[in-house]
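Structural overview
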Amino acid sequence: MSIINTASTTRADLPSLDLMFPQELISLEVSAQLPSDLQIRPLASTDYKRGHLDVLSGLSVVNDLGEVAWVNQFHAMRATPGAYFSIVILDKANDKIIGVGTVFIERKFLRGLGSVGHVEDIAVDKNYQGKKLGLRIIQALTHISESSGCYKTILNCNDTNIPFYEKCGYVKKENEMAKYAPERVNNAPKL
């Protein structure tokens, strides 16, 4: 029998946050495996100020278009319930985001109108790496995908990250192809 660290999962810690989805969708088992000074929760509409883009910048180029644009994107994603599930790990001592990840649910005509979870944008602040936080993010997102009825959860990664994702229970299958659109002169998002 495992003891659950409810200190990192209580709703009392989230009194006034405007969350992307209900906290209850995050696995209590995963939450319990975090140190008590860290909290895993859904992305909140105020997380721009907590460094969400700073953590994402460890993955790729982040064009910071400002807080208003970020909040508009948050609301656009939340406006499609059951599709986007972005989570964060927060260092409660300094109220800063130190880990992020997203799973989005693709509805299909295949597999009896099944669904597939796509894991994206996994990043952990370099000062917090090596503490199994990436593993916890993957476990939480996989739990959300499977709880949503997805018949599989997939992700793309570079070759150097394959061993990490294999430790998370994923297996290498097939290949990824990409075609990038030509660069736009105006970097404003097309919504």
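A brief report on the enclosed structure follows. (Residues numbered from 1 in each chain as written. Predicted model: local features only at pLDDT ≥ 70, side-chain atom pairs only at ≥ 80, totals over all residues. Heavy atoms only, no water.)

This paragraph deals with the pattern of salt bridges. Tallied over the full model, the rule gives 7 salt bridges. Here Asp95 ties to Arg50 by a salt bridge, and the two come within 3.1 Å at their closest N and O atoms. With a gap of 45 residues between them, Asp95 in the loop between strand S2 (84-91) and strand S3 (96-107) and Arg50 in the loop between strand S1 (38-42) and helix H2 (52-56) connect regions that are remote in the sequence. In this structure, Glu174 engages Lys173 in a salt bridge whose closest nitrogen and oxygen atoms are separated by 3.1 Å. With respect to burial, Glu174 and Lys173 carry one shared label: exposed. Three or more residues are tied together by salt bridges with common partners; here these are Arg41, Asp47, Arg50 and Asp95. (Salt bridge = Lys/Arg side-chain N within 4 Å of Asp/Glu carboxyl O. Helix = DSSP H or I, 4+ residues; strand = E, 2+ residues; numbered from the N terminus. Buried < 20%, exposed > 50% of the residue type's maximum accessible area, 1.4 Å probe, protein only.)

Take the nonpolar core next. One finds Ile40, Ile87, Ile89 and Leu133 to be the most contacted residues of the largest nonpolar core, which totals 41 residues. At the level of elements, S1, H2, helix H3 (67-78), S2, S3, strand S4 (115-124) and helix H5 (133-147) are the ones that each hand at least two residues to this core. Looking at this core, the element that brings in the most residues is H5, giving 7 residues. Look past the residues within four positions of Ile89 in its chain and what remains in contact with it is Leu34, Leu38, Gln39, Ile40, Lys96, Ile97, Ile98, Gly99, Leu133 and Ile137. (Core = buried A, V, L, I, M, F, W, Y, C linked by side-chain atoms within 4.5 Å. Contact = heavy atoms within 4.5 Å.)

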